[in-house]
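# Commentary on secondary and tertiary structure
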Amino acid sequence: MFKLLLCALLSFPVLYTVLETFSLIRKSWDNCTLNMAASAYPKAMHFTSCSCVATNVSSRKFLVSSSSGSLKMKPGFRKERCSLRQSLNCAGYSSNSSFCAIKPIFSSLSNTNDSQRTVSESYLILIRHGESMWNEKNLFTGCVDVPLTSKGIEEAIEAGKRIRQLPIDVVYISALIRSQMTAMLALTEHHCKKVPIIVHNETEQAKVWSQIYSEGTEMQSVPVIKAWQLNERMYGELQGFNKWETAERCGKEQVYKWRRSYDARPPNGESLEMCLRRAVTYFKEQIEPQLSSGKHVMVVAHANSLRSILMYLDKLTAEEVIHLELSTGVPMLYIYKENHFIRRGSPLGSMEAGVYAYTENLALYKQNLLDEVLDEVSL
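Residues numbered from 1 in each chain as written. Predicted model: local features only at pLDDT ≥ 70, side-chain atom pairs only at ≥ 80, totals over all residues. Heavy atoms only, no water.

## Regarding the packing of helix α9 (residues 272–292) against helix α10 (residues 303–314)
At a minimum axis distance of 8 Å, the contact between α9 and α10 shows a crossing angle of 65 degrees. Here α9 is positioned roughly perpendicular relative to α10, judged by the angle of their axes. The handedness of the crossing between α9 and α10 comes out as right-handed. Across from Leu272, Cys275, Leu276, Ala279, Val280, Phe283, Lys284 and Glu288 in α9, the residues of α10 making contact are Asn304, Ser305, Arg307, Ser308, Ile309, Met311, Tyr312 and Leu313. Across the contact of α9 with α10, the residue classes break down as ten nonpolar, three polar and three charged. (Axes fitted to C-alpha atoms, helices over the stretch in contact; angles between N-to-C directions. Helix = DSSP H or I, 4+ residues; strand = E, 2+ residues; numbered from the N terminus. Parallel < 35°, antiparallel > 145°, perpendicular 65-115°, else oblique. Left-handed = near helix turned anticlockwise from the far one by under 90°. Contact = heavy atoms within 4.5 Å. Nonpolar A, V, L, I, M, F, W, Y, C, P; charged D, E, K, R; others polar.)

Dropping the structure here:
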C-alpha cells in the first residue's frame with residue numbers, strides 16, 4: 001500500500017507536466033494566426049507556419065519560409081506573438097506534424113499589439129485592364145470602346161487569382177468595356193463568391209429599375225460603380241492609328257512626347273495633365289472617402305488614368321511620370337492608413353513574377369535624384 005502511494009506521489013508531477021504541455025499545445029493551435037506582409041517588390045511567395053511546441057505563450061517560435069515557384073521550404077526562426085485579429089485560416093493540419101501552414105496575405109507590417117491597434121487599415125487595389133484587341137494590334141485606343149482579347153481575358157482571370165484573398169467592399173470601373181470585362185472576370189475568382197453588380201444611377205428610373213429589394217441578396221453582392229472620369233485619356237486624331245507607323249510618320253521623339261510626357265497634347269486630344277485633373281479629382285471626391293470610412297476598394301481603369309492616380313498616391317513629379325509604365329492585368333496594392341497611402345507592390349500570381357509600376361528607369365531616376373541631394377549636403 002505504501003509503495004502504491006509513493007508511486008502515485010512520484011508520478012503526479014510527471015502527469016501534471018504532460019497535462020500542462022498538452023494545454024500549451026492546444027492554446028498554441030487555437031491561436032495559430034499570424035500577421036504577415038508582402039514586400040514592395042515581392043520576389044517569392046511567402047508562407048508562414050507556427051510551431052505548436054511552445055514553452056512560453058509570450059515567446060513562441062515561428063517558422064518563416066519562402067519559395068519561388070515551388071513549395072520547397074527554407075526555414076528561418078524568429079520570435080513573435082500570435083496575432084488573433086488577422087483573418088487568416090489554416091490551410092491544413094496533419095496530425096503527424098506540429099506545424100500548420102498559413103495562407104498568404106498581403107498587408108502592412110505592424111509592430112504593435114492588437115490591443116493597442118486603434119487605427120484601421122483599408123486596401124486599395126489598382127488594376128489596368130487586360131490586353132484589348134487594339135493593344136494587340138498596337139493601335140492608339142484612347143476612348144474608343146474596344147473589348148479584350150483572349151489573352152486579356154486570361155490576364156483578368158489571373159489578376160482575380162492574385163487578389164482572391166484580399167477583402168473588397170466596392171469596385172470602381174471606367175465607362176469602357178475593357179475595364180468592365182476585366183473587373184467582372186477578376187471578381188469571379190474572389191474567395192467571397194459575392195456577385196458583382198453594376199450600380200445604375202444615370203437616371204431616377206434606372207435607379208428604381210435596378211434596385212435590389214432582398215436584403216440577404218444585397219449582402220451577397222459587391223457594388224460596381226461606373227465613372228467616365230476613370231476613362232483612358234482621349235488621344236484625339238491619333239485614335240485608330242498604328243503607333244509604329246505614326247512614329248515613322250511624325251517622328252519617334254514626337255510620338256514618345258505625346259504618349260509619355262505630362263503636358264503635351266496629341267492633336268485634339270488630352271494631355272496627361274488634363275487626364276489627371278478629372279481622374280484624381282474623382283479619386284479624391286469619391287474613392288478616398290470610401291477608404292477613410294474603412295472600406296476596401298478595387299479600381300480597374302486604364303494606363304493613363306492610373307498613371308494619373310499613381311502620381312497623386314506616390315507624389316511623383318512630371319519628370320518621374322515619364323518613366324512610369326503599367327502592365328496589363330497586374331494588380332497593384334496600397335494600404336490606406338491615417339490618411340496616408342503605403343505602397344505594397346503586387347501580389348504574386350501563378351503564371352509570372354509580380355510586376356509593379358516602378359520601372360527600372362524610374363527607380364534609377366529617383367536614385368540619381370537622391371544621390372544629387374546627398375552630394376549637395378556633403379559639400
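Let us keep going from here.
## Structural notes on the packing of aromatic side chains
On inspection of all chains with the given rule, the structure shows six aromatic pairs. Taking 6.1 Å as the distance between ring centres and 75 degrees as the angle between the ring planes, the aromatic pair formed by Tyr172 and Tyr282 counts as edge-to-face. Here Tyr172 is found in strand β7 (residues 170–173), whereas its partner Tyr282 is found in helix α9, with 110 residues between them in sequence. For the pair Tyr172 and Tyr282, one class covers both residues: buried. Between the aromatic rings of Tyr336 and Phe341, the centroid separation amounts to 4.8 Å while the plane-to-plane angle is 55 degrees, which identifies the pairing as tilted. Taken individually, Tyr336 and Phe341 each receive the classification buried, so the pair is uniform in this respect. Over the face of the ring belonging to Phe140 we find Lys243, whose NZ or CZ atom lies 5.8 Å from the ring centre. (Phe/Tyr/Trp six-rings, centres within 6.5 Å; stacked < 30°, edge-to-face > 60°. Buried < 20%, exposed > 50% of the residue type's maximum accessible area, 1.4 Å probe, protein only. Lys NZ or Arg CZ within 6 Å of the ring centre and 35° of its normal.)

## So, the pairing of strand β6 (residues 122–128)
A large share of β6 lies buried, amounting to seven of its seven residues. A two-sided burial pattern is seen for β6, the buried positions comprising Ser122, Leu124, Leu126 and Arg128 on one face and Tyr123, Ile125 and Ile127 on the other. Where β6 and strand β11 (residues 331–337) come together, six bridges link them in antiparallel fashion. Bridged to Leu124 within β11 is Tyr334. (Pairing = 2+ DSSP bridges.)

## Some details on the environment of Leu126
As for its placement among the helices and strands, Leu126 is situated in strand β6. Along the chain, Leu126 and Val299 lie 173 residues apart, while their C-alpha atoms are 4.9 Å from each other. The residues contacting Leu126, other than those within four sequence positions of it, are Val299, Leu306, Ile309, Leu310, Leu313, Val330, Pro331, Met332 and Tyr334.

## Considering a nonpolar patch on the surface
The grouping of Val208, Trp209 and Tyr213 at the surface amounts to a nonpolar patch, some 440 Å² of accessible area in total. The residue Val208 is located in helix α5 (residues 204–209) in this model. (Patch = residues over 30% accessible without salt bridge, like charges linked within 9 Å, V, L, I, M, F, W, Y side chains within 5 Å. Areas by Shrake-Rupley, 256 points an atom, 1.4 Å probe, with all protein chains shown as cover. Salt bridge = Lys/Arg side-chain N within 4 Å of Asp/Glu carboxyl O.)

## A closer look at the environment of Thr217
Position of Thr217 among the secondary structure elements: in helix α6 (residues 215–219). Separated by 23 residues in the primary sequence, Thr217 and Lys194 place their C-alpha atoms 9.4 Å from one another.

## Observations concerning helix α3 (residues 150–162)
For α3, built from 13 residues, the straight-helix expectation of 18 Å at 1.5 Å per residue is met to within 8% by its first-to-last C-alpha distance of 19 Å. For α3, the full list of buried residues reads Gly152, Glu155, Ala156, Glu158, Ala159, Gly160 and Arg162. Those residues of α3 hidden inside the fold are in contact with β6, α4 (177–187) and β11. (Expected span 1.5 Å × (residues − 1).)

## Things to note about the confidence of the model for the protein
Low pLDDT marks regions whose predicted coordinates should not be analysed in detail. Confidence in the prediction for the protein averages 73 pLDDT; 61% of positions are at 70 or higher. Low pLDDT, under 50, characterises residues 24–118; the stretch is placed with 167 contacts to residues that sit more than four places away or in other chains. Throughout residues 349–359 the model reports pLDDT below 50, and contacts reaching past four residues in sequence, or to other chains, amount to 36 contacts. (pLDDT = per-residue confidence, 0-100.)

## Some points on the nonpolar core
The biggest cluster of nonpolar side chains holds 29 residues, and the ones touching the most others in it are Leu124, Leu126, Val299 and Leu313. Counting only elements with at least two residues in this core, the list comes to β6, β7, α9, β10 (297–301), α10 and β11. In terms of residue count, the dominant contributor to this core is α9 (seven residues). The residues touching Leu124, leaving out its near neighbours within four places in the chain, are Phe283, Leu291, Val297, Val299, Leu313, Met332, Leu333, Tyr334 and Phe341. (Core = buried A, V, L, I, M, F, W, Y, C linked by side-chain atoms within 4.5 Å.)

## A closer look at unusual backbone geometry
Even without being glycine, Lys193 reaches a positive phi, approximately 60 degrees. Along the chain, Lys193 turns up in the loop between α4 and β8 (195–199). Using a relative accessible area of 57% as the deciding quantity, one classes Lys193 as exposed. Backbone geometry places Glu338, a non-glycine residue, at a positive phi of 50 degrees. By the element assignment, Glu338 lies in the loop between β11 and β12 (340–343).

## Some remarks on the pattern of salt bridges
The final tally for this structure, using the stated rule, is four salt bridges. Glu325 is the partner of Arg260 in a salt bridge, and the nearest nitrogen-oxygen pair spans 3.1 Å. Taken together, the positions of Arg260 in helix α8 (residues 252–260) and Glu325 in the loop between α10 and β11 put the pair 65 residues apart, joining distant regions of the chain. Glu325 gets classed as partly exposed once you look at its relative accessible area, which sits at 34%. For Glu270, the salt bridge is made with Arg278, and the minimal N-O distance between the two is 2.7 Å. For Glu270, a relative accessible area of 13% gives the class buried. For Arg278, a relative accessible area of 13% gives the class buried.

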